[in-house]
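Structure assessment
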Amino acid sequence: MGYDEKLIENEKLIEGLKKKAQKLRRDVIISMGVGVAGHIGGSNSSADIVAALYFYKMKHDPKNPKWKERDRFLLSKGHVGILQYAALAESGYFPVEDLKHTKEIGSYLQGHPDVQKTPGIEAGTGSLGQGLSIGLGMALGQRLDHLDSRTYVLVGDGEIAEGQIWEAAMAASAFKADNLTAIVDRNRLQANGKTKERFDTGDIMAKFLSFGWHVIEINGHDMREILGALDEAETVKGVPTAIIANTVKGKGVSFAENVVGYHNGMLTEETYRQALQELTEQEQEA
């Protein structure tokens, strides 16, 4: 892979990012609370990737969310907005304490990201399939403005059944958008079951390759592989990059891992405390 070996071998960096990912998972649980449905599954499967983006790779400024030179992050699978809220809070865009008020009436942290209310959000997302098109537009805008900036789009493996994803993939290749990186959270579960059984999209890697993308497949929970893939994407010229991240739905919470019911499930007082305890212990061990 085309990345800085010395940087990736920095154990302090790797361990710090692992701890940050676990903190994001704890924040997800805190955002959900008790008795309110929340997307713990897809949030936890993507936490390592989002930690790497916000705390290692992306140029962004919490004190100036509209900084022109910033990199852009689009959460195409907007139903896991609580994960992005956690990353924004831990970055300093707003107080971490506000996560407890997610989805409350009047809160600026709602079930799906709202670009008009929440600092650090680039677009309203959640209507699945649209994020890659929006991200492509942003990437092309960065190029027209001669900015040394990049756009990252996180999509779900269930979401890629949407045709608009592939329209965007074809256009990104045609326009040689090499400052665009799509990351597929391949946890193999969607709302109603296994993606292979509900809507089998086949060989995802082969599909992106056939559309002319540079493709990297990684373990989406191996921080070293995540950083290597993000660094490699920056070296690719003339084509966009897709990172296929193999992940575990509900990662880090024993009773939620690979359980379809926690795609969008509720926590009881008991399971809430158990989840926090497990994630706290894992953060300490990271």
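Residues numbered from 1 in each chain as written. Predicted model: local features only at pLDDT ≥ 70, side-chain atom pairs only at ≥ 80, totals over all residues. Heavy atoms only, no water.

Let us look at helix α6 (residues 163-174). Taking 1.5 Å of rise per residue, the 12 residues of α6 would be expected to cover 16 Å, and the 17 Å separating its terminal C-alpha atoms lies within 8% of that figure. Buried residues of α6: Ile165, Trp166, Ala168, Ala169, Ala172 and Ser173, and no others. Buried residues in α6, looked at end-on, bunch into an arc of 155°, giving them a common side. Summarising the geometry of α6, the exposed residues directed more than 90 degrees from the buried face are Glu167 and Ala174. Elements in contact with the buried residues of α6: α5 (131-144), β2 (151-156), β3 (180-186) and α8 (204-210). (Helix = DSSP H or I, 4+ residues; strand = E, 2+ residues; numbered from the N terminus. Expected span 1.5 Å × (residues − 1). Buried < 20%, exposed > 50% of the residue type's maximum accessible area, 1.4 Å probe, protein only. Arc of directions from axis to C-beta. Contact = heavy atoms within 4.5 Å.)

The strand order β1-β2-β3-β7-β6 describes an open sheet built from five strands, whose pairing is parallel. The two strands at the open ends of the sheet, each matched to only one other strand, are β1 (72-75) and β6 (214-219). Between one strand axis and the next, the sheet turns through 20° on average, direction left out of account. Pairing of β3 with strand β7 (residues 241-246) involves six bridges; the strand directions are parallel. (Pairing = 2+ DSSP bridges. Axes fitted to C-alpha atoms, helices over the stretch in contact; angles between N-to-C directions.)

Further remarks concern the environment of Gly212. Counting through the fold element by element, Gly212 comes out in the loop between α8 and β6. Each C-alpha atom, one on Gly212 and one on Lys57, is 24 Å from the other, the two residues being 155 residues apart in sequence. Look past the residues within four positions of Gly212 in its chain and what remains in contact with it is Ser173 and Val239.

Take the pattern of salt bridges next. Following the criterion strictly, the structure yields 11 salt bridges and no others. A salt bridge links Glu11 to Arg224; the nearest nitrogen and oxygen atoms lie 2.6 Å apart. Residue Glu11 is located in helix α2 (residues 11-32), and its partner Arg224 is located in helix α9 (residues 223-235); the two are separated by 213 residues in the primary sequence. Of the charged contacts, one joins Glu217 and Arg186 as a salt bridge, the two residues approaching to 3.3 Å between their closest N and O atoms. (Salt bridge = Lys/Arg side-chain N within 4 Å of Asp/Glu carboxyl O.)

With that out of the way, let us pick up the UniProt feature "domain: Transketolase N-terminal" (unreviewed entry) in the chain. Within the UniProt annotation, "domain: Transketolase N-terminal" (unreviewed entry) is assigned to residues 37-278. For residues 37-278, helix accounts for 37% and strand for 14%, while the C-alpha atoms at its two ends are 20 Å apart. (UniProt positions renumbered as here; feature names shortened; annotations may be inferred.)

Positive phi, close to 70°, is recorded for Lys103, a residue that is not glycine. Position of Lys103 relative to the elements: it lies in the loop between α4 (81-91) and α5. With a relative accessible area of 39%, Lys103 lands in the partly exposed category. Non-glycine residue His146 carries a positive phi angle of around 55°. Summarising the element assignment, His146 is placed in the loop between α5 and β2.

What follows concerns the packing of helix α3 (residues 40-57) against α4. Relative to each other, α3 and α4 sit at 35°, their axes nearing to 10 Å. The chirality of how α3 crosses α4 is right-handed. The residues of α4 that touch α3, namely those facing Ser43, Ser46, Ala47, Val50, Tyr54 and Phe55, are Ile82, Leu83, Gln84, Ala87, Leu88, Glu90 and Ser91. Partitioning the contact of α3 with α4 into residue classes produces eight nonpolar, four polar and one charged. (Left-handed = near helix turned anticlockwise from the far one by under 90°. Nonpolar A, V, L, I, M, F, W, Y, C, P; charged D, E, K, R; others polar.)

The next point concerns the pairing of β3. Across the seven residues of β3, seven count as buried, placing the element largely inside the fold. A two-sided burial pattern is seen for β3, the buried positions comprising Leu180, Ala182, Val184 and Arg186 on one face and Thr181, Ile183 and Asp185 on the other. Where β2 and β3 come together, six bridges link them in parallel fashion. Across the sheet, Val155 pairs through a bridge with Val184, a residue of β3. Regarding topology, α6 serves as the crossover connection from β2 to the parallel β3, and that connection is right-handed. (Right-handed = clockwise from strand over helix to strand, strands pointing away.)

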